[in-house]
Amino acid sequence: SVEKVVQVKNIGDNDAWIRVRVEKELTKANGQAGDADLLGINFDSRNWIARDGYYYYDKTLKSGDVTAPLFESVQFNASMGNDYQNSTAQVYVFAQATQTANNGETVLEANGWPED
């Protein structure tokens, strides 16, 4: 297990709805792609809602505030064999925001999300 705390800070001037997409990549020492499903992430289901490939923060994020962690560590599956020695793991986090003003009562009702 490796510590990786993922939170989002609202650096804008207005309250925002937040959503995050996470991608995993595992590269073996020989440069070949590994099975990224061998990287485990325990997402926080208390503050985040999983839907359509994103994790939506269930509260309005005020200017300057930080979300609760989406996750706090990445685990390596114990079944990884010797062919995974000296591998490199990457976890990419893409955060998006849209205003809360006149934009739904909950994050799941919000419109105006950026295109990927």
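Our structure's up above, just so we're on the same page.
Reading the values: rules and limits
Residues numbered from 1 in each chain as written. Predicted model: local features only at pLDDT ≥ 70, side-chain atom pairs only at ≥ 80, totals over all residues. Heavy atoms only, no water. Helix = DSSP H or I, 4+ residues; strand = E, 2+ residues; numbered from the N terminus. Buried < 20%, exposed > 50% of the residue type's maximum accessible area, 1.4 Å probe, protein only. Contact = heavy atoms within 4.5 Å. Pairing = 2+ DSSP bridges. Axes fitted to C-alpha atoms, helices over the stretch in contact; angles between N-to-C directions. Salt bridge = Lys/Arg side-chain N within 4 Å of Asp/Glu carboxyl O.

1. A few points about the overall build of the protein chain
Along its length, the protein chain carries 0 helices and 7 strands. The order of α-helices and β-strands along the protein chain, N terminus first, is β-β-β-β-β-β-β. Along the longest, intermediate and shortest principal axes, the C-alpha atoms of the protein chain span 55 × 25 × 20 Å. For the protein chain, buried positions account for 35% of its 116 residues. Excluding contacts between residues fewer than 6 apart, the proportion of contacts in the protein chain whose partners are at least 24 apart in sequence is 75%.

2. Concerning the sheet that holds strand β7 (residues 88-99)
Sheet strands line up and pair through hydrogen bonds in the backbone, either parallel or antiparallel. Taking strand neighbours across the sheet as the criterion, the 4 strands line up as β4-β5-β2-β7 in an open arrangement whose pairing is antiparallel. Of all strands in the sheet, those bounded by a partner on one side alone are β4 (48-51) and β7. Here the strands of the sheet are splayed against their neighbours by 25 degrees on average, with no regard to which way each runs. Pairing geometry for β4 and strand β5 (residues 54-57), over 4 bridges, is antiparallel. Looking at β5, one finds that alanine 50 is bridged to tyrosine 55.

3. What to know about the sheet that holds strand β3 (residues 39-41)
Taken in spatial order, the 3 strands line up as β1-β6-β3 in an open sheet, and their pairing is antiparallel. Edge positions in the sheet fall to β1 (2-6) and β3, since each of these pairs with one other strand and no more. Each strand of the sheet is rotated relative to its neighbour by a mean of 30 degrees, with strand direction disregarded. In this structure, β3 lies alongside strand β6 (residues 71-76), joined through 3 bridges in antiparallel fashion. From the neighbouring strand, leucine 39 faces β6, where its bridge partner is phenylalanine 76.

4. Side note on the pattern of salt bridges
Using the criterion set out here, one finds 5 salt bridges in the structure. Between glutamate 23 and arginine 21 there is a salt bridge, and its shortest N-O distance comes to 2.1 Å. Judged by relative accessible area, glutamate 23 falls into the partly exposed class, the value being 35%. The salt bridge partner of aspartate 44 is arginine 46, with a shortest N-O separation of 3.1 Å. Relative accessible area serves as the criterion here: at 10%, aspartate 44 is assigned to the buried category. Assessed through its relative accessible area of 68%, arginine 46 is described here as exposed.

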